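What follows is the residue order along each chain.
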Amino acid sequence: MPPCVPHQIDFIEEPQSFDYSEFFNKYLLTNSPCLFSAKFTQHWGSRKTWVTEENKPNWDHLLENFGNAIVPVANCNVKEYNSNPKEQIPLRDFISYWRDYAEHNCCSPRGCLYLKDWHMRREFPEQNVYETPEYFASDWLNEYWDAIDGDDYRFVYMGPKGSWTPFHADVFRSYSWSANVCGRKKWLLFPPGQEEHLRDSHGNLPYDVTSAGLRDPIQYPHLSQCCRPSEVIQEAGQVIFIPSGWHHQVYNLEDTISINHNWINGCNVSAMWNFLQAELFSVQKEIGEWRETMDDWHLHCQVIMKSCTGIDYKEFYTFLRIIAESRLRALDSLTEGTVSGTCATNMAVTHPKGRPHTVFDLKTVADVLSLLISNPDFQNLDQASLSPRPCALLQRLETVLTQNSQVGLVFLQIPNSVTDGVP
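Residues numbered from 1 in each chain as written. Predicted model: local features only at pLDDT ≥ 70, side-chain atom pairs only at ≥ 80, totals over all residues. Heavy atoms only, no water.

Engineer: For the overall build of the protein chain, give the residues involved together with the corresponding values.
Structural biologist: Looking only at helices and strands, the protein chain features 14 helices and 13 strands. What you see for the protein chain is a C-alpha radius of gyration of 23 Å, in line with the 22 Å of a compact globule of 423 residues. With the C-alpha coordinates aligned to their principal axes, the bounding extent of the protein chain is approximately 65 × 55 × 45 Å. Within the protein chain, the fraction of its 423 residues that count as buried is 52%. Taking all contacts inside the protein chain whose residues are at least 6 apart in sequence as the whole, residues at least 24 apart take part in 78%. For the protein chain, the accessible area works out to roughly 19,400 Å², and carbon and sulfur atoms hold 49% of it. (Helix = DSSP H or I, 4+ residues; strand = E, 2+ residues; numbered from the N terminus. Rg over C-alpha atoms; globule rule 2.2 N^0.38 Å. Buried < 20%, exposed > 50% of the residue type's maximum accessible area, 1.4 Å probe, protein only. Contact = heavy atoms within 4.5 Å. Areas by Shrake-Rupley, 256 points an atom, 1.4 Å probe, with all protein chains shown as cover.)

Engineer: Could you give an account of the packing of helix α11 (residues 355-373) against helix α13 (residues 390-403), naming the residues involved and the relevant values?
Structural biologist: The geometry of α11 relative to α13 is characterised by a closest axis approach of 10 Å and an angle of 145 degrees between their N-to-C directions. Crossing angle aside, the handedness with which α11 passes α13 is left-handed. Within the contact between the two elements, α11 uses V359, L362, K363, V365, A366, L369, S370 and I373 and α13 uses P390, C391, L393, L394, L397, V400 and L401. Residues of the contact of α11 with α13, tallied by class, amount to 13 nonpolar, 1 polar and 1 charged. (Axes fitted to C-alpha atoms, helices over the stretch in contact; angles between N-to-C directions. Left-handed = near helix turned anticlockwise from the far one by under 90°. Nonpolar A, V, L, I, M, F, W, Y, C, P; charged D, E, K, R; others polar.)

Engineer: Kindly report on the environment of N265, identifying the contributing residues and their values.
Structural biologist: Its place among the elements puts N265 in the loop between β13 (256-263) and α7 (269-286). A residue is classified by how much of its surface remains accessible, and N265, at 2% relative accessible area, is buried. In this structure the C-alpha to C-alpha distance between N265 and I148, which are 117 residues apart in sequence, comes to 17 Å. Apart from residues no more than four positions distant in its own chain, N265 is found in contact with L28, S138, W140 and Y175. Engagement of the side chain of N265 in a polar contact is seen with the backbone nitrogen of C267, the distance being 2.9 Å. (Polar contact = N/O pair within 3.5 Å; in protein donor to acceptor, adjacent residues only side chain to side chain.)

Remember that the coordinates give geometry; whether it matters functionally is a separate question.
Shown next as structure tokens:
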């Protein structure tokens, strides 16, 4: 028997009695999952127009408004490198398949297809589909991508009954939130560290944690030490919060549409930094034998890491810089009492608690930036293209934090290790 019981998943019922401060302290800082009731999404446009009176996907509405969109579709019946292969097809073709799949008792010669990671909001910004709940509004990851006019991590998922996502943890060890517009999901959640007990004799994580193959003690010698997963049934309209580093596996119990964001902020940016260090270490170990003979070995390691993860150390610095500069501008505007226009929008969306949250963000950026600057692998890179230089940015942040050391963070019950110097 596993030595521990599944983690308790709290259910948040009433929006009126649950504020941002409570979410910050009980779930962000403790890295704990929770489930929000359908009351938190009842005003969304998608819950009115994307769903029929029978609480099924409104295929006609989707076809009329998005039919020509090209969407990524995965085949749940095919495994490629611990994931499902994807193809790009028109949404109208996927819906045609979906209808046929449902009419033939969830069976098709094409297999079980699942529309995943569709950047619907980026492609159709004028559509009144949903609003990001305030609890997830401090979102550095998407703020960064918006600032550089690049990618984003805001997605729509659509899948028939039986479609599923294999065992994984989210990109960069980000948080994620997922809201069911319609349908139901089953989540299997493992706290950080438990995945180590699920590795096989070669050190690989499983593709499917429900597979009978995991019962083989020779192939999976540490399974007996793993906690049972927390199982969550997510109903239509409900929103689930998945913390950093929680591995999970997800099933659609019926025809389901969901909105999903990956996000990072001051509470888990250190987890992102730890993840990047571990990824670089893996690359260095893999090509370590060429270290003495390969020109620019450190640069090659960064290139390989970026090809695998989507980011390298220099871009991580740019990520921190853009967030820092945004917060510095916001703090200047608050000090001068001239919050307006774009800055006002940024403050409303990104900082639910105004100045205290801005100071907290600057402190966490400074903490991680200090770690990055002192990292030998970062020091081995050519930093001439980085402007401002990392040390100059850190010095500016430390000056501003000293000037704002009396800002009260009453709503943030931050451990001393995080708020040293910011009482």
